Amino acid sequence: MAVLSRLRPSDRRIAEFARVYATHRPLVQRGLTVGFVLYVFIATYQGVAARPAPKKGKAKDAPARDGKPARVAVDAVFYQRLGVILRIVIPSIRSKEALLLMMHSSLLVFRTAISLYVAALDGKIVASLVRGQSLEFLLNIIRWLLVAIPATWTNSWLSYVQNKLAIAYRTRLTREILKQYLGEESEGPDGKVYYKLSNLDDRIRNADQMITHDIQRFSSHLAAIYANLAKPILDVILYNYQLAQNVGAEGLVVLTILIQSSAALLRAVTPSFGTYTAQSAALAGSLRHTHSRLAEFSEEVAFFGGEEAERQIIEKEYLALVRHEEKVMSRRWWYGCAEEGVVKWLWGSFGLVVCAIPIFFKIPGISNIDLGSRTEGFVTNRRLLLSSSDAIGRVMYSYKDLAELAGYTARVSLLLDTMSDVRKGKFEKALVASAKDEENSRIMRGRGQVFEAEDIQFENVPIVTPNGDILLRSLTFSVKPGEHLLIVGPNGSGKSSLFRILGGLWPVYGGIVRKPPASDFILIPQRPYLSLGTLRDQVIYPHSQEQMTSRGILDADLLSILAVVGMDSVVEREGGWDVAREWREALSGGDQQKIAWARLFYHKPKYAILDEATSLVPPDMEGKMMEYATALGITLLTVSHRPSLWKYHSTILQFDGQGGYVFTKLDAERRLSLQEEKQEMEAKLLEVPKMKLRLAELRLVAGARGTKAQ
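Note that the structure is a prediction, hence the values are computed from the model and not measured.

Criteria and thresholds
- Residues numbered from 1 in each chain as written.
- Predicted model: local features only at pLDDT ≥ 70, side-chain atom pairs only at ≥ 80, totals over all residues.
- Heavy atoms only, no water.
- Helix = DSSP H or I, 4+ residues; strand = E, 2+ residues; numbered from the N terminus.
- Buried < 20%, exposed > 50% of the residue type's maximum accessible area, 1.4 Å probe, protein only.
- Contact = heavy atoms within 4.5 Å.
- Phe/Tyr/Trp six-rings, centres within 6.5 Å; stacked < 30°, edge-to-face > 60°.
- Lys NZ or Arg CZ within 6 Å of the ring centre and 35° of its normal.
- Core = buried A, V, L, I, M, F, W, Y, C linked by side-chain atoms within 4.5 Å.
- Salt bridge = Lys/Arg side-chain N within 4 Å of Asp/Glu carboxyl O.
- 1 Å grid on protein atoms, 1.4 Å probe; cavity = no way out; pocket = protein on both sides within 12 Å on 5 of 7 lines; lining within 4 Å.
- Points joined across faces, edges and corners; volume = space filled by probe spheres on them.
- Nonpolar A, V, L, I, M, F, W, Y, C, P; charged D, E, K, R; others polar.
- Pairing = 2+ DSSP bridges.
- Axes fitted to C-alpha atoms, helices over the stretch in contact; angles between N-to-C directions.
- Parallel < 35°, antiparallel > 145°, perpendicular 65-115°, else oblique.
- Left-handed = near helix turned anticlockwise from the far one by under 90°.
- Expected span 1.5 Å × (residues − 1).
- Patch = residues over 30% accessible without salt bridge, like charges linked within 9 Å, V, L, I, M, F, W, Y side chains within 5 Å.
- Areas by Shrake-Rupley, 256 points an atom, 1.4 Å probe, with all protein chains shown as cover.

(A) Representation of the overall build of the protein chain in the model. Within the protein chain, the regular secondary structure consists of 24 helices and 12 strands. Burial analysis of the protein chain (710 residues in total) assigns 41% to the buried set. A fraction of 78% describes how many contacts in the protein chain between residues 6 or more apart in sequence connect residues 24 or more apart.

Structure follows, in structure tokens:
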């Protein structure tokens, strides 16, 4: 007992400590308040700051190696990606987006000031009721109505400015991505990223969904995250500062310790919402891609009767999306229960205890007050505390918003990074097994040289598909202006691949290519591309009407071009040049090919690549178009199996489909005679089995008659 009495401080020491503390309490209050503000900034920074990525070899890396989406989190990679995108959407401090952001910040501060005034006014209204002061009560109600004017104005402006920010971010980001995606006209083959993403790289299956949906969601989240993070932090500081003045900074410190302890526990059990968001976007994009493929190839599916097979594919994609969403919903459910229980109820009980401190305890520096003042203080403090609790809750929620923003940031960053790699010639494509052979691998690692020239020359150039299939190991041929080239061979032998190299769409893996710029080529495929627009747009594509007029070409000139291909009546039939339709459906296959030839005659390029471009055109019109193209000085590179076209070409490049080829002069008359002789011999050979069968029958009949005669 004697030991305990010595350890326990005496009443005199307690009184002395209380006196000294009361004397220096204002200084202690200021120190605690400053410490609290610093703590809020540090805690917020730690909450949203970059987290170290998991070390290699741990389980978190396994999904990426197994082909599953990599984990997306609020880490250093996220902030690096976000920094790159922010430099795009906010290019300078004088930009429209920066000005909107500053306006948004000013409105947030103004709204917090209004909230502080309303909290104090709320306490005064209740105090006047308790005291029975009717005149004071009416004056306070008038003040309440008057403050509603700037409050409603500010809230509406905040929503408006935030939506404007989202649109500004989206516009800036979409323009930058489309600039890279479609490229500039001056870039030539180095652009055309839209083609290379679809055909030369496997990382992005649905660029359309990324450019439309993912950018929109990213912009909305980015515009909202500022208000969801900056405003709550400001509210926490100002509300708690005012609360510290009312109840003492000591209670604020105790409240902060309790809240941060429970918040740390809640943060520890927070699911990876960023990963879920990225996976949801990817699965939704895959489902949309499946539906778009069905619409694109609807005719083929209908002819094959593939409805059931397509239904199974679509249902498989949809079920994968639904299972993922159900998984996310279940995680959100239990996390929502825990979050509301902690943020709303547990923190609310802490706050009530703090609000009661001035009433039940005598705090140094605060004198006794009457019932009305106590009520006013309690109501004001409770209002401040509820607002502060809501702000702290929004700070907690902001991490979830950041995680979702990280998911969309990962998607947008993937698009930007992939386009950058494609522009540099870095592709990631699944290769065929033969590409791993030593010799084939050596060819794949090589790079050829491309020079600009008037004629076309290939010197020892390998023809390699994007998936590594080597069609020809070395191709050498040349075409001079005016020398029409006929290209023949079985399917998959390299005919279309050759054209893609000429157009600069595929990389050159070796040898030397000399060719004119891609702008000197026009391609007419078997199924021509018809754009969305008017009838005039189909002929002059990709020119606009202004570009056509600047070249000195009028609608009458276009009509004369259509007359060459026998399509001049289509203008009157369809209702004029300015009629817009879905021309793929309005025109037959043959008319579409004629429109493509009219487009060729309008542009008058140096070279035309014809890939079965007359397969649906009558032979007489086919010859007329070939002769007119020759008269315009257009050199033709033609893929066709029609013998009627041979006479229009001077050289032939024939692929055998086994990696070999023959390039030689084309003697059309001799080749036609050989072709006719070949057909005659084949027809005679087809008659041989019938003749043998007839001979056997005759022998049998003759033998039977000889037996009867004997």
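(B) Broad picture of the packing of aromatic side chains. According to the stated counting rule, one finds 11 aromatic pairs in the structure shown. The structure contains a cluster of three or more aromatic residues connected by ring pairs, namely W153, W157 and Y160. Taking the ring centre of Y602 as reference, the NZ or CZ of R551 above it sits at 4.7 Å.

(C) Representation of the nonpolar core within the structure. Core analysis: the largest hydrophobic core is formed by 49 residues, its most contacted members being L173, I177, L197 and F218. Those elements that provide at least two residues to this core are α4 (76-89), α5 (96-131), α6 (134-182), α7 (193-199), α8 (207-247), α10 (273-296), α12 (307-355) and α14 (371-423). The greatest single-element share of this core, amounting to 12 residues, is contributed by α14. If we ignore the near neighbours within four places in the chain, the residues touching F218 are L82, I85, L173, L405, Y408, T409 and V412. Membership of the second largest hydrophobic core comes to 38 residues, among which are M567, L600, F601 and M621.

(D) Broad picture of the side chain of H603. Among the secondary structure elements, H603 is positioned in helix α22 (residues 589-603). For H603, a relative accessible area of 16% puts it in the buried group. Contacts of H603, omitting those with residues within four sequence positions, involve I522, I540, Y541, P542, H543 and R551.

(E) Seen up close, the pattern of salt bridges. The full count for this structure, using the stated rule, is 15 salt bridges. Residue D202 is joined to K429 by a salt bridge in which the shortest nitrogen-to-oxygen separation is 3.1 Å. Residue D202 is found in the loop between α7 and α8, and its partner K429 is found in the loop between α14 and α15 (438-445); the two are separated by 227 residues along the sequence. Look at K429 and you get partly exposed, because its relative accessible area is 26%. One connected set of salt bridges, linked through shared partners, spans D201, R203, D421 and E428.

(F) Molecular detail of empty space enclosed by the protein. Counted under the stated rule, the structure contains 2 cavities of 30 Å³ or more. Contributing to the lining of the second largest cavity are W597, L610, E612, A613, T614, M626, T638, V639, S640 and L645. In terms of residue class, the lining of the second largest cavity is made up of 6 nonpolar, 3 polar and 1 charged.

(G) Structural detail: the sheet that holds strand β3 (residues 470-479). Spatially, β1-β5-β2-β3 is the arrangement adopted by the 4 strands of the open sheet, whose pairing is mixed. The open sheet has two edge strands with one neighbour each: β1 (449-452) and β3. Across the sheet, the mean angle from the axis of one strand to that of its neighbour is 25 degrees, orientation sign disregarded. Sheet strands in contact with α15 are β2 (456-464) and β3, and its direction is about 50 degrees off that of β3.

(H) Focus on the packing of α5 against α6. One way to put it is that α5 packs onto α6 with a least axis distance of 8 Å and a crossing angle of 160 degrees. By the angle class used here, α5 and α6 are roughly antiparallel. For the pair α5 and α6, the crossing hand works out as left-handed. Residues belonging to the contact of α5 with α6 are distributed by class as follows: 25 nonpolar, 6 polar and 9 charged.

(I) Summary view of unusual backbone geometry. That bond from Y541 to P542 is cis: its omega, 5 degrees, falls within 30 degrees of zero. Here P542 shows up in the loop between α17 (535-540) and α18 (545-550). Positioned with a positive phi, N460 is a non-glycine residue whose angle comes to about 55 degrees. Turning to its location among the elements, N460 is positioned in strand β2.

(J) Focus on α5. With 36 residues, α5 extends 53 Å between its outermost C-alpha atoms, agreeing within 8% with the 52 Å of an ideal straight helix rising 1.5 Å per residue. In the segment just after α5, G132 is the residue with positive phi, at about 75 degrees.

(K) Examining a nonpolar patch on the surface more closely. On the surface, a cluster of nonpolar side chains totalling about 500 Å² of accessible area is made up of L135, L139, I142, L146 and I149. Within the secondary structure layout, I142 lies in helix α6. Overall, I142 belongs to the partly exposed group, its relative accessible area being 45%.

(L) Structural context of the sheet that holds strand β11 (residues 651-655). Spatially, β6-β9-β10-β4-β11-β12 is the arrangement adopted by the 6 strands of the open sheet, whose pairing is mixed. For this open sheet the edge positions go to β6 (521-524) and β12 (661-665), each flanked by a neighbour on one side alone. Taken over all neighbouring pairs, the strand axes of this sheet differ in orientation by 15 degrees on average, direction set aside. α22 rests against β6 and β9 (607-611) of the sheet, and its axis sits at about 170 degrees to β6.

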